[in-house]
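# Coordinate inspection notes
Listed below are the residues making up each chain.
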Amino acid sequence: YQKTYCLGTVSDDYGLTKLQLVYYPSSDEARKKTVSLALSASNFDQFTYVFPGNLSLISGVSYNYYFEVFDNDAIKGPKKAVSETFRFKNKTFQEEEDEILEEQKQGIEEAEKSKESAKQLEKSLEEFSKKLKNKEDADWNDRKQLEEFLERQKRYQEIMDNNAEKMKESLDDMDTEDQPDLKDKKEELKKRWEEMA
């Protein structure tokens, strides 16, 4: 959340002199700011940047940003090349928490669907077991089919347990003490998880 990872490649036959990030609120291009980025003295370089990094951005505001690189033309003066412009929404705490809760809700809904699938799998297994009991001699194919059923059931249970643990930890990590709205949503989701377990 709240990070964009950028990887860039810059080059020029005569060398490069400067690389910088330019950013500004999307609604106010006049408030452009620049940040110099490290650049090697060669005529080729690769760089990485995590936006917004340690920039001080206003909460709830959308930003545009791009990268500029300048060549080493001493005669005509440095020329610059500009990357495409990217957009970044600096979410408020409330927006971040709402997004996490929405993902939790979707996770619970998926888990509920999976639980239904597990019930159907269990029902199929019971029917297969009855069929085997009524059969005089279980052959190799029957045993193999039973093993596959049991393996699928085991894998499903492992996935469910793992997802449930991750979701529970994620909910436990959320700090909603100062936000009654979020606290109620969090408690409702925790209750749904407990009912499913």
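For the structure itself, consult the block above.
Small disclaimer: the values here were computed from a predicted structure and weren't measured.

## A few points about the overall build of the protein
- The secondary structure content of the protein amounts to three helices and seven strands.
- Counting from the amino terminus, the protein carries its helices and strands in the arrangement β-β-β-β-β-β-β-α-α-α.
- Across the protein, contacts joining residues at least 24 apart in sequence account for 67% of those joining residues at least 6 apart.

## A look at the side chain of Asn64
- With respect to the helices, strands and loops of the structure, Asn64 is situated in strand β5 (residues 62–71).
- Polar contacts involving the side chain of Asn64 include one to the side chain of Ser26, which spans 2.9 Å.
- With residues up to four places along the chain from it excluded, the contact list for Asn64 reads Val22, Tyr23, Tyr24, Ser26, Thr85, Phe86 and Arg87.

## Some remarks on a negative patch on the surface
- A cluster of acidic side chains, namely Glu151, Glu158, Asp161 and Glu165, defines a negative patch on the protein surface.
- Judged by relative accessible area, Glu151 falls into the partly exposed class, the value being 37%.

## Quick word on the environment of Ile108
- Topologically, Ile108 is positioned in helix α1 (residues 93–134).
- Classification of Ile108 as buried rests on a relative accessible area of 0%.

## Quick notes on the nonpolar core
- Counting 17 residues, the largest nonpolar core has Leu21, Tyr23, Tyr49, Phe51, Tyr65 and Phe67 as its most contacted members.
- Every element with two or more residues in this core is listed here: β1 (4–11), β2 (16–25), β4 (44–51) and β5.
- Discounting chain neighbours no more than four positions away, the residues touching Phe67 are Cys6, Gln20, Leu21, Leu37, Phe47, Tyr49, Ala81, Val82, Ser83 and Phe86.

## Observations regarding the pattern of salt bridges
- Tallied over the entire structure, the rule returns five salt bridges.
- A salt bridge links Asp28 to Arg31, with the nearest nitrogen and oxygen atoms 3.9 Å apart.
- What makes Asp28 partly exposed here is its relative accessible area of 27%.
- Judged by its relative accessible area of 45%, Arg31 is partly exposed.
- Across the salt bridge formed by Lys89 and Glu95, the nearest N and O atoms sit 3.0 Å from each other.
- Given a relative accessible area of 33%, Lys89 falls into the partly exposed group.

## Here we look at the environment of Gln153
- With respect to the helices, strands and loops of the structure, Gln153 is situated in helix α2 (residues 140–173).
- For the pair Gln153 and Leu125, spaced 28 residues apart in the sequence, the C-alpha separation amounts to 9.3 Å.
- Once residues lying within four places of it in the same chain are set aside, the contact partners of Gln153 are Leu121, Glu122 and Leu125.

## Let's talk about the packing of aromatic side chains
- Evaluation of the coordinates by the stated rule reveals seven aromatic pairs.
- Ring geometry for Tyr65 versus Phe67: centroids 6.3 Å apart, planes at 90°, classification edge-to-face.
- Where Tyr65 meets Phe86, the ring centres are 5.5 Å apart and the plane angle is 35°; that geometry is what we call tilted. With Tyr65 in strand β5 and Phe86 in strand β7 (residues 86–89), the pair connects residues that are 21 residues apart, well separated along the chain.
- With a relative accessible area of 1%, Tyr65 lands in the buried category.
- The ring centre of Phe70 lies 4.6 Å from the NZ or CZ of Lys18, which sits over that ring.

Rules of the game
- As a convention, each chain's residues are numbered from 1 in the sequence order in which they are written.
- The predicted origin of the model limits local features to residues at a pLDDT of at least 70 and limits the giving and counting of side-chain atom pairs to 80 or more, whereas totals for whole chains, interfaces and linings rest on all residues.
- By convention in this description, side-chain values take in all heavy atoms of the structure and omit both hydrogens and water.
- A run of H or I in DSSP counts as a helix once it spans at least four residues, and a run of E counts as a strand once it spans at least two, with each numbered from the N terminus.
- Whether two residues touch is decided by their heavy atoms; if any such pair falls within 4.5 Å, the residues are in contact.
- Contacts described as polar in this section are N or O atom pairs within 3.5 Å, which, within protein, must combine one atom able to donate a hydrogen with one able to accept it, while residues neighboring in sequence count only if both atoms come from side chains.
- Patch membership needs two things, relative accessible area over 30% and no salt bridge, and members are linked within 9 Å if like-charged or within 5 Å if nonpolar (Val, Leu, Ile, Met, Phe, Trp, Tyr).
- For every accessible area listed, the method is Shrake-Rupley and the probe measures 1.4 Å; residues are considered covered only by the protein chains on display.
- By salt bridge we mean one thing: a side-chain nitrogen of Lys or Arg within 4 Å of a carboxyl oxygen of Asp or Glu.
- His is not counted, nor are the chain ends, whereas Lys and Arg count as positive and Asp and Glu as negative.
- Where a charge lies is defined by one atom per residue type: Lys uses NZ, Arg uses CZ, Asp uses CG and Glu uses CD.
- For every residue, the accessible area (1.4 Å probe, protein chains only) is compared with the maximum for its type, and the residue is labelled buried under 20%, exposed over 50%, or partly exposed between those bounds.
- The term nonpolar core refers to a set of buried residues drawn from Ala, Val, Leu, Ile, Met, Phe, Trp, Tyr and Cys, joined through side-chain atoms within 4.5 Å.
- Here is the rule: rings of Phe, Tyr and Trp (six-membered ring for Trp) pair when centre to centre is within 6.5 Å. Planes less than 30 degrees apart are stacked, more than 60 are edge-to-face, and the remainder are tilted.
- Lysine and arginine charges are scored as sitting over a ring when NZ or CZ, respectively, is within 6 Å of the ring centre and within 35 degrees of the ring normal.

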